[in-house]
Structures are given as C-alpha cells and as structure tokens.
Amino acid sequence: MNGSAGKTALITGASAGIGEALAKQFAKNGFDLILTARREDRLNTLGAALKEKHGISYWVIPEDLADPGGPKRLFDSVQDKGLQTDVLVNNAGFSVQGVYTKTSWKDQCQLIQTMIGAVAELTHHFLPEMTARGYGRIANVASITAFLPSCPGQTLYSASKAFVVEFTETLNVEIKGTGVTATALCPGFIDSEFHKQSGVDEKVKVLPWFWWMDVDRMAELSYRATMAGKPLYVPGIYNKLMTGFVSRLPRRVAVGLVSRVARQVNIQDPAVGV
Ligand SMILES: NC(=O)c1ccc[n+]([C@@H]2O[C@H](COP(=O)([O-])OP(=O)(O)OC[C@H]3O[C@@H](n4cnc5c(N)ncnc54)[C@H](OP(=O)(O)O)[C@@H]3O)[C@@H](O)[C@H]2O)c1
C-alpha cells in the first residue's frame, strides 16, 4: 500500500491505453481514483473492476479536455464532490495525422488544448492545494519524441511533448521542498489505441520488437518513478539507450537518421507519434 490509504489519484485519459494501465497501478497500490476521459462507459467499467479487485473507491467525471472550458469544469467537479487530489496524472493525448498545413487548424487546436493547455491548466488548479497540504505527485505523460527530431507529420505532437518535459522539469525545481514533485514520463512505443487512432497502426507494427514496451510494465515503472519524485523518467533500457544515443548526435545527423527510419516504415507523411 506504500502509505497510500485514503489518498486519491486523478488520471486523465483513463479510458484506454497508458491511462488505464496507470489507473490499475494506482489502484493496486491502494489509491482511490478519479477517472476522466470522454468515454464514460469505459471509465465506469474500469472503476468497477478495480473496486472489486482492490477495494478502492472511484469517481468518474467525463470531460472533453480539447474544449477550452474542460479543465476548469473538471477541477470544479472535483471540488463540488469534496474530493482531495493527492496525485494528478496528465495523460490524455492523441496525434493529428498528416503534414502540418494539410491538417485542419481545428484538429491542431484540439491537440494544443488537450496536450499543452489542459496539462498546464490542471496543474495550475490542483497544485496549490497539494503544496498547502505538503504532499502531492504530478505525473505528466510526455514521450521519447520530446528528445528526438521528428519525422514529418508529427509537427505539433513532438513539440507538445517537448513542452511537457520542459514545463515539468521547471515546475519540479519551483516546488522543491514543498512535499510535491512533478515527473515527466517519457515512454517509447506502446501498443495502445493511439496508433489506431492516428491511422498508422499497421505501419508501426513493422518496427523491431525492442522499440515496443508492454503497457503494464511501462505503467509499473512509471508509477514507481512518479512516487519517487523523479523529475524525468524514460521507461525501458532500449528507450534510454535510444534517447541517449540520438541526443548525443549532431542535430543534422539525428534529423537525417530519424527521417530515414520514417521513410523505411513509410510513415513520413502521416504522423506516427510516440
Ligand atoms: N502509445 C504510445 O506509443 C505512446 C508513446 C509515448 C507517449 N504516449 C502518450 O501517452 C498518452 C496516452 O496515450 P495512449 O497510448 O494511452 O493512447 P490511447 O490508447 O489512444 O488513449 C488516449 C486516452 O486519451 C483520452 N483522450 C483523448 N482525447 C481526449 C480529449 N479530447 N479529452 C479527454 N480525454 C481524451 C482518450 O479517452 P477518450 O477517447 O475516452 O476521451 C484515452 O483515454 C498520450 O499523451 C500519448 O501522447 C503514447
């Protein structure tokens, strides 16, 4: 239980993939859960299963974080229910497929709102009560793409993840000594609904096995890093090696290398997005 009895974790994007796997980890470790995403039925099914398995309490608050009013509505709903948030996991995200100017601005705005705006705003709303209590954990799900030059078709996706890393690391320095920590989680390729939603599911399957990581393993390692208060965490040895290697290359060489891999798996135009 790790002293988590009576503590509550709010997880965005808990209806699938990484968010769902993180919800399982927090429940396994005794946390009550506030689950949010747009698909309410899935959140209810997950919450009920975790309640039965681990005896936790859960609350479902459906919200669309691409709506500029979404983060504040979510925060207000949590307050109205009288819930305390000890852990905030900003995980919800998606990729917009296609070369930047060939995509719609509406789609790109939704990406910015969900993956930058909501992360920044939810943190802004929930952090003061955590520091006032002297305890809290914030986990922001970024990606290894934050460190890698992108292939075409991922223009704002990678930029949003670079924002998440920079934002989280800076925040973590600001809140040092308050009992609250902020962790940027940077997974590599995970088999979730993400690549299906991006329309590149079949294409990314040709990538070698060592680029992929089991979602539950990733969530377990990420849970530990978050609770330990690590500012930045790249789960998996291959992801660590890859990001370490590429970030040491001259930028021009790294851009060429990533573009070549993208060409090989034929994902240069649509966004592959990790
Ligand atoms: N899969 C990977 O390879 C990979 C690698 C590195 C980082 N990531 C990052 O990990 C996070 C989770 O991705 P995933 O792989 O778990 O993808 P996923 O399986 O597609 O799940 C995405 C989650 O985000 C939620 N979401 C999407 N748009 C939303 C919106 N407008 N409002 C509220 N919730 C929204 C979805 O819920 P609803 O549709 O029900 O709203 C879903 O729960 C993302 O930030 C992604 O960028 C993924």
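Please read all numbers here as calculations on a predicted model, not as lab measurements.

Quick notes on the rules
Residues numbered from 1 in each chain as written. Predicted model: local features only at pLDDT ≥ 70, side-chain atom pairs only at ≥ 80, totals over all residues. Helix = DSSP H or I, 4+ residues; strand = E, 2+ residues; numbered from the N terminus. Buried ≥ 20, exposed ≤ 12 C-beta atoms within 10 Å, placed from the backbone. Contact = placed C-beta atoms within 7 Å. Expected span 1.5 Å × (residues − 1). Arc of directions from axis to C-beta. Near = placed C-beta within 6 Å. Nonpolar A, V, L, I, M, F, W, Y, C, P; charged D, E, K, R; others polar. Right-handed = clockwise from strand over helix to strand, strands pointing away. Pairing = 2+ DSSP bridges. Axes fitted to C-alpha atoms, helices over the stretch in contact; angles between N-to-C directions. Core = buried A, V, L, I, M, F, W, Y, C linked by C-beta atoms within 7 Å. pLDDT = per-residue confidence, 0-100. Parallel < 35°, antiparallel > 145°, perpendicular 65-115°, else oblique. Left-handed = near helix turned anticlockwise from the far one by under 90°.

This part is about the overall build of the protein chain. The number of helices and strands found in the protein chain is 10 helices and 9 strands. For the protein chain, the spread of C-alpha atoms along the principal axes amounts to about 50 × 35 × 30 Å. Expressed as a percentage of the 274 residues in the protein chain, the buried residues total 45%. Taking all contacts inside the protein chain whose residues are at least 6 apart in sequence as the whole, residues at least 24 apart take part in 74%.

Taking 1.5 Å per residue, 13 residues should reach 18 Å; helix 8 (residues 215–227) reaches 18 Å between its end C-alpha atoms and fits that length. Taken together, the buried positions of helix 8 are occupied by Met-218, Ala-219, Ser-222, Tyr-223 and Thr-226. All buried residues of helix 8 project into a common sector of 135 degrees when viewed along the axis, lining one side. Buried residues along helix 8 sit against helix 1 (17–28), strand 5 (136–141), strand 6 (180–185), strand 7 (189–190), strand 8 (212–213) and strand 9 (232–233). Two residues or fewer after helix 8 comes Gly-229, characterised by a positive phi angle close to 75 degrees.

A word on the site of the ligand. Taken together, 28 residues form the shell around the ligand, and within it Gly-13, Gly-17, Arg-38, Arg-39 and Gly-93 come nearest. No other element matches the 3 residues that helix 1 contributes to the shell around the ligand. Looking at the shell around the ligand residue by residue, the classes come out as 14 nonpolar, 10 polar and 4 charged.

As a further point, take the pairing of strand 4 (residues 87–90). Neither face of strand 4 is open: one carries Val-87 and Val-89, the other Leu-88 and Asn-90, and all of them are buried. In the classification by handedness, the crossover that spans strand 4, the intervening helix 4 (residues 105–133) and the parallel strand 5 is right-handed.

Strand order in the open sheet formed by 7 strands is 3-2-1-4-5-6-9, with parallel pairing between adjacent strands. Looking along the sheet, the strands with just one partner apiece sit at the ends: strand 3 (58–60) and strand 9. Looking at chain direction, strand 6 and strand 9 are connected through 2 bridges and run parallel. The residue of strand 9 that forms the bridge with Ala-184 is Leu-232. Contacts from helix 4 reach strand 4, strand 5 and strand 6, with the element oriented near 175 degrees to strand 4.

Looking now at the nonpolar core. Ranked by size, the top nonpolar core spans 63 residues in total, and within it Ile-11, Leu-22, Ala-23, Phe-26, Leu-33 and Leu-35 carry the most contacts. Among the elements that take part in this core, helix 4 stands out by supplying 8 residues, more than any other.

Our next topic: the confidence of the model for the protein chain. Here the protein chain shows a mean pLDDT of 92. Residues at 70 or above account for 94%. Here residues 270–274 is a poorly scored stretch, pLDDT under 50, and it has 31 contacts once near neighbours within four places are set aside; other chains count.

It is worth spelling out the packing of helix 1 against helix 8 at this point. Relative to each other, helix 1 and helix 8 sit at 55 degrees, their axes nearing to 9 Å. Looking at the two axes, helix 1 sits oblique to helix 8. At the point where helix 1 passes helix 8, the crossing takes the right-handed sense. Along the contact surface, helix 1 presents Gly-17, Ile-18, Ala-21, Leu-22, Lys-24, Gln-25 and Phe-26, while helix 8 presents Val-215, Asp-216, Ala-219, Glu-220, Ser-222 and Tyr-223.

Moving on, we come to helix 1. Between its first and last C-alpha atoms helix 1 spans 17 Å; for 12 residues at 1.5 Å apiece the expected length is 16 Å, and the two agree. The buried fraction of helix 1 amounts to 11 of the 12 residues, a majority that puts the element mostly inside the structure. Listing the buried residues of helix 1 in full gives Gly-17, Ile-18, Gly-19, Glu-20, Ala-21, Leu-22, Ala-23, Lys-24, Gln-25, Phe-26 and Ala-27.

This part is about the environment of Ser-15. The residue Ser-15 is located in the loop between strand 1 (8–12) and helix 1 in this model. Since 25 C-beta atoms lie within 10 Å of it, Ser-15 is described here as buried. Sequence separation of Ser-15 and Ala-37 is 22 residues, and the distance between their C-alpha atoms is 6.0 Å. The contacts of Ser-15, once residues within four sequence positions are left out, are Glu-20, Ala-37, Arg-39, Arg-42 and Leu-43.

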